[in-house]
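What follows is each chain in one-letter form.
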Amino acid sequence: MSSGYSVDSSSGILKISGPSIENAESGDWSIREFGVGRFLLQSNELTKQMPISNDGNAWCSIDTFTDFIFGVHHRKWSGTIVVDTGFGIKRVYFLDGEIVFAGTNVMDDRLGEVLYRKGLLTIDQLMDTSVKVSREKKFGQVLLASGVFSNLQLWDALKCQVRELVRSIFMSEYVYFEMLRDNAPAPTQVVFTEGSYSFLESCHGYGCMYRDFVARLQQDTEVQVINPEYVKLEVGEGNFIADLIGMIEKSKNIEDILRTSKLLELNTLAALMLLVNRGICSISPSEDSQLHSDKLHLKKLQNKLDIYSFMLSEVRKAFQMNGVSLPK
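Bear in mind the structure is a predicted one, so any value in this text is a computation, not a measurement.

Thresholds, definitions, all that
- Think of each chain on its own: its residues are numbered from 1, step by step along the sequence as written.
- Per-residue local features of the predicted model are confined to residues with pLDDT of at least 70, and side-chain atom pairs are confined, for both listing and counting, to 80 or more; whole-chain, interface and lining totals are unaffected and use all residues.
- Side-chain numbers come from the whole structure's heavy atoms, not from hydrogens or water.
- Side-chain atoms within 4.5 Å link the members of a nonpolar core, which is a set of buried Ala, Val, Leu, Ile, Met, Phe, Trp, Tyr and Cys residues.
- Buried, partly exposed and exposed residues are distinguished by accessible area as a fraction of the type maximum, computed with a 1.4 Å probe on protein chains only: under 20%, between the cut-offs, and over 50%, respectively.
- For the purposes of this entry, the term helix denotes a DSSP run of H or I that reaches at least four residues, the term strand denotes a run of E that reaches at least two, and both are numbered from the N terminus.
- Here a residue-residue contact requires only that any non-hydrogen atoms of the pair lie within 4.5 Å.
- DSSP-based pairing: two strands are paired if at least 2 bridges between them are found.
- In what follows, salt bridge is the name for a side-chain nitrogen of Lys or Arg lying within 4 Å of a carboxyl oxygen of Asp or Glu.
- Excluding any residue in a salt bridge, patches collect residues exceeding 30% relative accessible area, merging like charges within 9 Å and nonpolar Val, Leu, Ile, Met, Phe, Trp and Tyr side chains within 5 Å.
- Here the open area of atoms and residues is found with the Shrake-Rupley method and a 1.4 Å probe, where only the protein chains shown may cover a residue.
- By convention, a stacked pair of Phe, Tyr or Trp rings (six-membered ring in the case of Trp) has centres within 6.5 Å and planes under 30 degrees apart, an edge-to-face pair has planes over 60 apart, and any other such pair is tilted.
- Any Lys NZ or Arg CZ found within 6 Å of a ring centre and within 35 degrees of that ring's normal is scored as a charge over the ring.
- What qualifies as a polar contact is a pair of N or O atoms within 3.5 Å, subject to a donor-acceptor requirement within protein and to the restriction that residues adjacent in sequence count only when both atoms come from side chains.

### Let's talk about the nonpolar core
- Grouped together as the largest cluster of nonpolar side chains are 71 residues, with contacts concentrated most on Phe-65, Ile-81, Phe-170, Ile-248 and Leu-272.
- A per-element tally of this core places helix 11 (residues 265–277) first, with 8 residues.
- Beyond its immediate sequence surroundings of up to four residues, Ile-248 is in contact with Val-223, Val-225, Ile-257, Leu-272, Leu-275 and Cys-281.

### Quick word on the sheet that holds strand 9 (residues 98–104)
- Spatial strand order, 6-10-7-8-9: 5 strands in an open sheet with antiparallel pairing. Both outer strands of the open sheet, strand 6 (60–61) and strand 9, are each paired with one neighbouring strand and no more.
- As judged from the 6 bridges shared by strand 8 (residues 89–95) and strand 9, these two strands associate in the antiparallel manner. Following the sheet pairing, Tyr-93 is matched in strand 9 by Phe-101.

### So, the pairing of strand 11 (residues 222–225)
- Only one face of strand 11 is buried, namely the one carrying Val-223 and Val-225, since none of Glu-222 and Gln-224 on the opposite face is buried.
- With 4 bridges joining them, strand 11 and strand 12 (residues 281–284) adopt antiparallel strand pairing. Following the sheet pairing, Gln-224 is matched in strand 12 by Ser-282.

### Describing the pattern of salt bridges
- One pass over the full model with this rule turns up 6 salt bridges.
- Residue Glu-113 is joined to Arg-110 by a salt bridge in which the shortest nitrogen-to-oxygen separation is 3.6 Å.
- The partly exposed category is assigned to Arg-110, whose relative accessible area is 45%.
- Linked through salt bridges whose partners overlap, the residues forming this network are Lys-118, Glu-164 and Arg-167.

### Let's talk about a nonpolar patch on the surface
- A surface patch of nonpolar side chains, about 300 Å² in accessible area, is lined by Leu-152, Trp-155 and Val-191.
- Among the structural elements, Trp-155 can be located in helix 6 (residues 151–169).
- For Trp-155, a relative accessible area of 33% gives the class partly exposed.

### Details of the packing of aromatic side chains
- Counted by the stated rule, this structure contains 8 aromatic pairs.
- For the ring pair Tyr-93 and Phe-101, a centre distance of 6.3 Å and an interplane angle of 45° mean the geometry is tilted.
- Following the ring pairs from residue to residue traces out a cluster consisting of Phe-65, Phe-68, Phe-170 and Phe-177.
- Arg-167 extends its terminal NZ or CZ atom over the ring of Tyr-206, reaching a point 4.2 Å from the ring centre.

### Let's talk about the side chain of Asn-239
- In this fold, Asn-239 is placed in the loop between helix 8 (228–235) and helix 9 (240–250).
- By relative accessible area, Asn-239 is classed as buried at 16%.
- Among the polar contacts made by the side chain of Asn-239, one reaches the main-chain amide nitrogen of Ile-241 at a distance of 3.2 Å.

Structure representation (structure tokens):
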């Protein structure tokens, strides 16, 4: 061992001892330096299961990343976390532990695309605004100049974009991320009234719901529009939901819908999940699908147990902060 630290897990607890650390390992755990006076503990078993990228970087599970990001918020850290989701690079800007902005190199995450998917822009407004964008005039500035959005509406639109961008990170199974402390500040800043903690909680919950939905789908899964005439009357025309329903009516097969859609696969699936949850559509796996296989059943059960454990931990903290005993 190259450092004075040792890690012992033989007695059922994790015991770390020694004066200084560079890299210490035991059979089950490894420990690394993480800033001044802080350590990063890794389960060697989990590390073996992490996918390795072409450049040799190990990715971590989204659950590990979730714990890490909550720790960043708790420690009131300032800087940028760069996340590779496999579908593009995302940048999340922190100031004193609060999320203030996010950026991306993914076309689906651009402001206009997000607003169109959220029903805040029609396809005509999106196209008219896009053609006026230049190096000197950004998309948001064109919205203001054309009177499509007010200053307040544009502010809410930026918050919507950041929310969707951060949420998309938690839809992945594995991510690779890096921390940048001494970097350029965020291009602009937004404020989430619910606070970053609740914001991250909602993003994590959405990611769990999305992965559960995707696990139900098979190659022969079909999507059915419920009461098409009512839906057309309710949804209208020239918006994203109407376009997606049009694709479903042309072909019910999930694989055909994904091939026809111009969006990234995860964004198309997220939109379908929204339609199913709103009762606009239903999905029907074939009888021989593996929906109820043991592996999938255990995975769904584990997700529910993880959510329950997290919620119970937060309830206990709330009772402790108010000096009240948690009822048994």
